[in-house]
Amino acid sequence: MHNGLTRRELLKWMTISGTGLALASCGAAATPTAAPATGGKPTGAINYWHHFTSDTEMKGLERISANFKQKYPEVTLTQENIPNKDYMAKFTSAVQANTRPDTAMVSADRVVDMVAMNGLQDLTAKINAWEGKKDFPDNRWTAGTVNGKIYGIPGFMFVNWLYYRPDFFKEAGLSGPPKTWAEFQEMAIKLTDPSKNRFGFGMRGGDGGEGFVTTVFRAWGSPLVDDKGKPAIDAAKATEALKFYTELFTKYKAAPSSAPSDSYAQIMNAFKTGQTAMVMHHTGSLKEIRDALG
């Protein structure tokens, strides 16, 4: 147990630790042809790689695609959904084979790597000349900027938070939600009851789980990279954070036995069916949870 965890407040992390995603240009040249000065509309084709997961995200993408088609009827937009676990491997292979997509979803924690492998285009001049840039606060461009160059347009930001079951908390004599990481650990342990096939925390150890591990690193005070994109992990702090997080499963058995392979679908289903009392995710799953639990 860590008595000093008040400086790593759980709720503060849930409020400010979002994951920014950008629409980035990847190809050496865009496929669609530019509209002539006489007012003609763009023509051609664009492909878009992404790793959306939930049904609600896909429905949102369908609406956006329909709006795009209405505005640019002569442009064929093809979207390709790539599992998050395979995304960087496929992107890396595409860079090596010079078969990069025209545009792609780029999460904030991948920008530096994708730029380093020459996978993204420098869009600084175009973005600075774009009248829409003024609609974004300056700090929204930080995640997509490397060494002063902008590589993508902010798409959206997920705000991480904690879902919890008040009925399970009441049954266990707890008043939630936890406000510190120490409380989170204590409550996860107390909420675990193997006889009911109930566990305190739905840990995502499979696809996409690395995002939560790196977020815990930051909560313990260890950045991943510095402001120049160079590795900056504090080994001692990262080790302490990883120990705390993984012991929820290895030592305290407060997560289902399937946790090492559980991805989005598994942790969401476990929470919705009452197998877990708490699960960490973000705004992207809110509608799904509300539809299921009211």
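Residues numbered from 1 in each chain as written. Predicted model: local features only at pLDDT ≥ 70, side-chain atom pairs only at ≥ 80, totals over all residues. Heavy atoms only, no water.

### Topic: the environment of His51
In step 1: Here His51 is to be found in the loop between strand S2 (44-50) and helix H2 (55-71).
In step 2: For His51, a relative accessible area of 13% puts it in the buried group. (Helix = DSSP H or I, 4+ residues; strand = E, 2+ residues; numbered from the N terminus. Buried < 20%, exposed > 50% of the residue type's maximum accessible area, 1.4 Å probe, protein only.)

### Focus on the pattern of salt bridges
In step 1: On inspection of all chains with the given rule, the structure shows 7 salt bridges.
In step 2: Of the charged contacts, one joins Glu288 and Lys272 as a salt bridge, the two residues approaching to 2.8 Å between their closest N and O atoms. In this pair, Glu288 sits in helix H11 (residues 286-293) while Lys272 sits in helix H10 (residues 264-272), placing the two residues 16 residues apart along the sequence.
In step 3: Residue Glu288 is classed as buried on the basis of its relative accessible area, which comes to 19%.
In step 4: Residue Lys272 is classed as partly exposed on the basis of its relative accessible area, which comes to 23%.
In step 5: Where Lys287 meets Asp291, a salt bridge forms, and the shortest distance between an N and an O atom there is 2.8 Å. (Salt bridge = Lys/Arg side-chain N within 4 Å of Asp/Glu carboxyl O.)

### Describing the nonpolar core
In step 1: Counting 28 residues, the largest nonpolar core has Trp181, Phe184, Leu191, Phe201 and Met278 as its most contacted members.
In step 2: Looking at this core, the elements that each hand over two or more residues are helix H6 (166-171), helix H7 (181-190), helix H8 (210-219), helix H9 (235-250) and strand S8 (278-282).
In step 3: When residues in this core are grouped by element, the largest group, 5 residues, is from H9.
In step 4: Ranked by size, the runner-up nonpolar core spans 20 residues in total, among them Trp49, Leu61, Met105 and Val106. (Core = buried A, V, L, I, M, F, W, Y, C linked by side-chain atoms within 4.5 Å.)

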